[in-house]
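Analysis of the macromolecular model
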Amino acid sequence: MIRIAPFLGAALIGVTPSFAAGPDLGAVQQQATNWPAIFMFLFFVLFTLGITYRAAKGSKSAADFYAAGGGISARTNSLAIAGDYMSAASFLGISGLVYSSGFDGLIYSTGFLVGWPIVLFLIAERLRNLGKFTFADVASFRLDQTAIRIISATGTLVVVAFYLIAQMVGAGKLIQLLFGLPYLYAVVIVGALMIIYVAFGGMKATTWVQVIKACLLLGGATFMAGAVLYKYGFSPEKLFASAVQTHPNGEAIMAPGGLVSNPIDSLSLGVGLMFGTAGLPHILMRFFTVSDAQAARKSVFYATGLIGYFYILTFIIGFGGIALLMSDPSYFKLGADGTTYNKIKDMIGGTNMVAVNLANAVGGPYFLGFISAVAFATILAVVAGLTLAGASAISHDLYAQVFARGRTTERAEVNLSKASAVGIGIVAIYLGYVFENQNVAFMVGLAFSVAASCNFPVLAMSILWRGTTTWGALIGGLVGLVAAVVMVVLSDAVWVKTFGHPAALFPYANPALFSMPLAFLTIWAVSKMDRTHRAARERAAFDAQFVRSETGIGASGAHAH
Amino acid sequence: MSTRQTARPFATADARTSNGALDMPEPDHRLDRIAEHPIFKTLVHERTRFSWILTGLMLFVYFGFIGLIAFDKALLATKVGGTASLGFYMGMFVIVFAFLLTGIYVARANTRYDRLSAELVRSLAK
């Protein structure tokens with residue numbers, strides 16, 4: 001058996017494998033209060049609150065709230081997409097994974113990136129042409145509003161819930177380490193700020209928070225990777241040679257290690273990462289903030305470049321950590337004799353602190369403070385994006401279309417969305433508190449699997465296949481959702497580690513290889529068997545949808561007025 | 001002004017609000033004109049083909065990489081030059097390749113497909 005899911009989740013929430021393997025995740029030590037980091041973070045908070053205030057004054061309509069008025073440029077949107085996607089986890093977690101096992105970190109870097117071309121080729125432009133605020137607009141374009149909005153909103157809320165719990169718990173732990181603040185403070189601060197950004201500033205404020213965070217993170221990571229390469233005369237070869245000499249595993253760090261040893265599990269991980277990206281509701285929402293399909297297309301291109309560049313940087317940072325930190329005892333908890341230490345297990349704060357400790361090594365305590373503040377800002381931006389996606393699903397999909405059946409005012413809908421953002425924030429704080437000492441490492445993996453097995457098949461089939469009917473999409477989406485969740489619950493990470501059963505009932509860590517094709521197959525089979533009048537009408541309505549999805553003729557334009 | 005109306009240009013799009021009703025959508029002549037238009041057909045045919053080819057390439061390269069990691073670790077461990085392994089270069093290649101593919105698609109879409117779309121809109125306006 002191999003441990004892909006814990007690795008994945010661990011990498012994502014910034015808790016390292018060595019932690020995940022332990023009995024609990026609560027083993028972090030609260031550090032001394034880090035004042036430079038706190039001041040820099042306060043500056044970020046004040047600045048973004050100023051932006052939120054301005055955005056709130058200018059946000060009146062539903063289009064402003066959900067889609068920033070549709071007037072975001074392709075370049076700005078690409079930074080916002082990158083900001084939404086580059087979590088603190090990918091920064092700290094992947095650089096930590098590279099530090100402890102070298103090459104294996106690349107498996108995640110590539111997996112997280114390769115979903116983007118798929119989004120561009122199959123989804124992005126059609127999504128922009130057909131939809132207005134949420135991906136459910138698109139999936140329900142010619143299908144039954146009630147049924148499709150319910151399944152889309154459920155998929156959205158499940159993804160948001162698991163992703164949020166993982167981020168909240170990760171935030172609490174990280175902030176204990178980075179700032180020396182108690183866990184509960186950290187969770188409450190993150191929750192309160194995300195409520196303010198989303199409820200007052202809507203998509204406009206959320207977008208600019210993402211953009212600023214993306215610039216800070218890319219800037220900080222560039223400086224660190226640059227400083228590492230500078231020490232080795234800008235020769236990656238010299239850096240690798242030094243890392244291989246220093247690392248206890250030596251040459252093995254340049255080759256695939258134990259992370260992926262089961263072919264089925266590695267394929268399943270790949271499927272989940274690749275197609276999960278194309279089903280993440282907070283990412284899909286970003287395509288409605290640009291004016292047209294052309295801008296949507298360009299923003300994916302720029303975003304792919306930014307995200308790919310970022311993952312190359314994390315790789316260099318991880319190797320820099322090996323080369324520059326491993327031989328310096330001041331970054332480790334020393335053993336009983338005061339001189340020996342395990343180069344991987346004994347790093348102060350765990351290996352998820354590699355990037356942070358490296359910041360100190362290459363830039364001193366103020367740069368350390370800067371990187372800590374950036375890590376916190378990163379979490380904050382990601383949870384704000386998730387909250388907005390969840391609030392939109394509740395107000396725009398469930399309330400306006402399902403309960404009120406379109407008989408509501410724009411004002412009531414936006415107000416409900418703001419109230420939902422407050423509600424989601426409070427629930428997230430509560431769950432973050434409850435799950436403090438639980439193993440949440442599998443949750444981000446589960447969020448990606450649900451996105452790949454419910455949201456993506458429903459969306460892709462409704463756009464691309466004429467034969468899709470409401471019954472097909474509804475039942476197929478439900479089957480994918482339930483299959484993904486049940487398989488993860490029965491897997492080692494939950495069934496054995498959390499519930500304490502002796503053996504896992506589902507042998508693999510990642511369900512997507514099975515649950516995603518199952519969803520597609522169910523949508524296809526049920527649609528084929530659907531002989532209702534409604535199904536006939538829905539197939540007939542495909543032409544109109546097709547023309548609009550391919551040309552954008554009739555698409556809702558820039559909402560700015 | 002409301003964006004709700006602009007979002008539903010065709011009769012079919014309006015029909016979607018009446019849940020469960022059995023009314024077939026009113027035939028829309030503008031829609032038929034577009035769907036049968038030769039430029040529209042060319043545009044859709046070319047773009048669909050191109051995007052599925054690129055999708056196939058991305059799947060092949062990524063799952064090829066994952067497949068090698070799963071089945072042939074020794075190959076990836078081979079040294080190329082000094083310390084860097086073949087696997088390292090392949091991983092970097094996957095990242096750069098993904099970016100290049102999006103670039104190739106956008107370049108073609110910005111020129112060929114946007115021009116076809118513009119021609120289509122012009123000829124519909126006649």
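Residues numbered from 1 in each chain as written. Chains lettered and ligands numbered in written order. Predicted model: local features only at pLDDT ≥ 70, side-chain atom pairs only at ≥ 80, totals over all residues. Heavy atoms only, no water.

This part takes up the overall build of chain B. Each helix and strand counted, chain B has five helices and zero strands in total. In chain B, the succession of α and β elements from N to C terminus is α-α-α-α-α. When each of the 126 residues of chain B is scored for burial, the buried share is 44%. Long-range pairs, those at least 24 residues apart, make up 61% of the contacts in chain B with a sequence separation of at least 6. (Helix = DSSP H or I, 4+ residues; strand = E, 2+ residues; numbered from the N terminus. Buried < 20%, exposed > 50% of the residue type's maximum accessible area, 1.4 Å probe, protein only. Contact = heavy atoms within 4.5 Å.)

Turning to unusual backbone geometry, a few remarks are in order. Excluding glycine, residues mostly carry a negative phi; peptide bonds, for their part, are mostly trans. All names here are of chain A. With phi around 50 degrees, Ala68 is a residue other than glycine that occupies positive phi space. Among the secondary structure elements, Ala68 is positioned in the loop between helix H4 (62–67) and helix H5 (74–85). With a relative accessible area of 6%, Ala68 lands in the buried category. With a phi angle near 55 degrees, Phe234 is a residue other than glycine that sits in the positive phi range.

Turning our attention to the interface of chain B and chain A. Listed per partner, the contact involves 67 residues of chain B and 72 residues of chain A. Across the interface of chain B and chain A, roughly 6,000 Å² is buried in total on both sides, 70% from carbon and sulfur atoms. Connecting chain B to chain A are three salt bridges. The shortest N-O distance in the salt bridge between Glu251 of chain A and Lys79 of chain B comes to 2.9 Å. Along the contact surface separating chain B from chain A lie eight residue pairs in polar contact (both at pLDDT 80 or more). For the side of chain B that touches chain A, the element with the most residues is helix H5 (residues 86–125) of chain B, which contributes 19 residues. By residue class, the composition of the side of chain B that touches chain A is 41 nonpolar, 17 polar and nine charged. (Buried area = accessible area lost by both parts, 1.4 Å probe. Salt bridge = Lys/Arg side-chain N within 4 Å of Asp/Glu carboxyl O. Polar contact = N/O pair within 3.5 Å; in protein donor to acceptor, adjacent residues only side chain to side chain. Nonpolar A, V, L, I, M, F, W, Y, C, P; charged D, E, K, R; others polar.)

The subject of this paragraph is the nonpolar core. Counting 211 residues, the largest nonpolar core has Trp116 and Phe319 of chain A together with Met58 of chain B as the members making the most contacts within it. A total of 24 residues in this core trace back to one element, the largest contributor, which is helix H16 (residues 354–403) of chain A. Among residues more than four places away in sequence, those in contact with Met58 of chain B are Val114, Pro117, Ile118 and Met274 of chain A together with Val94, Phe97, Ala98 and Leu101 of chain B. Ala139, Leu143, Val458 and Ala473 of chain A belong to the second-largest nonpolar core, a separate cluster that totals five residues. (Core = buried A, V, L, I, M, F, W, Y, C linked by side-chain atoms within 4.5 Å.)

In this section: the UniProt feature "transmembrane region" (unreviewed entry) in chain B. All names here are of chain B. According to UniProt, the "transmembrane region" (unreviewed entry) feature falls on residues 50–71 and 86–107. Secondary structure across residues 50–71 comprises 100% helix and 0% strand; the distance between its end C-alpha atoms is 31 Å. Helix makes up 100% of residues 86–107 and strand 0%. Its end C-alpha atoms lie 30 Å apart. (UniProt positions renumbered as here; feature names shortened; annotations may be inferred.)

Below, the discussion takes up the pattern of salt bridges. One pass over the full model with this rule turns up 15 salt bridges over all chains. A salt bridge links Arg126 of chain A to Glu550 of chain A; the nearest nitrogen and oxygen atoms lie 3.0 Å apart. A residue pair is termed long-range when its members are at least 10 positions apart, and Arg126 of chain A in helix H8 (residues 115–130) and Glu550 of chain A in helix H23 (residues 542–551) qualify at 424 residues. We classify Glu550 of chain A as buried; its relative accessible area is 4%. A salt bridge links Arg47 of chain B to Glu550 of chain A; its shortest N-O distance comes to 2.9 Å. A residue pair is termed interchain when its members come from two chains, as with Arg47 of chain B in helix H3 (residues 38–71) and Glu550 of chain A in helix H23. Neither Arg47 of chain B nor Glu550 of chain A differs from the other in exposure class; each is buried. Counted as one network, the salt bridges with shared partners bring together Glu125 and Arg297 of chain A together with Asp114 of chain B.

The next point concerns the environment of Leu273 of chain A. You can see Leu273 of chain A is positioned in helix H13 (residues 263–277). Separated by 160 residues in the primary sequence, Leu273 of chain A and Leu113 of chain A have C-alpha atoms spaced 8.5 Å apart.

Once that is clear, we can look at the packing of helix H18 (residues 443–464) of chain A against helix H21 (residues 512–529) of chain A. Residues and elements named next belong to chain A. For the pair H18 and H21, interaxial distance at closest approach is 9 Å and the crossing angle is 25 degrees. When the axis of H18 is compared with that of H21, the two are roughly parallel. Every pair of crossing elements has a handedness; the one defined by H18 and H21 is right-handed. Facing Ser449, Ala452, Ser453, Phe456, Pro457, Val458, Ala460 and Met461 of H18, the residues of H21 in contact are Ala512, Ser515, Met516, Ala519, Phe520, Ile523 and Trp524. (Axes fitted to C-alpha atoms, helices over the stretch in contact; angles between N-to-C directions. Parallel < 35°, antiparallel > 145°, perpendicular 65-115°, else oblique. Left-handed = near helix turned anticlockwise from the far one by under 90°.)

Owing to its 3.6 residues per turn, the α-helix aligns residues three or four sequence positions apart on the same side. Residue and element names in this part refer to chain A. Helix length check: H16 (50 residues) gives 49 Å between terminal C-alpha atoms against 74 Å at 1.5 Å per residue, more than 12% under. Largest kink in H16: about 140 degrees, centred on Gly363, with the proline Pro365 one to four residues after it. Counting buried positions along H16 yields 41 of 50 residues, so the element is predominantly enclosed. A positive phi of about 50 degrees marks Arg405, the residue just after H16. (Expected span 1.5 Å × (residues − 1). Bend = angle between axes of the 7 residues up to and from the residue.)

Moving on, we get to the environment of Val98 of chain A. All names here are of chain A. Position of Val98 among the secondary structure elements: in helix H6 (residues 88–101). Accessibility expressed as a relative area gives 0% for Val98, which makes it buried. Spatially, the C-alpha atom of Val98 lies 8.7 Å from that of Ile322, the residues being 224 residues apart in sequence. Other than its neighbours up to four places away in sequence, Val98 contacts Gly105, Phe315, Gly318, Phe319 and Ile322.

What follows covers helix H12 (residues 236–246) of chain A. Within H12 of chain A, the full set of buried residues consists of Leu239, Phe240, Ser242, Ala243, Val244 and Thr246 of chain A. At its buried positions, H12 of chain A is contacted by helix H11 (183–231) and helix H15 (293–325) of chain A together with H5 of chain B.

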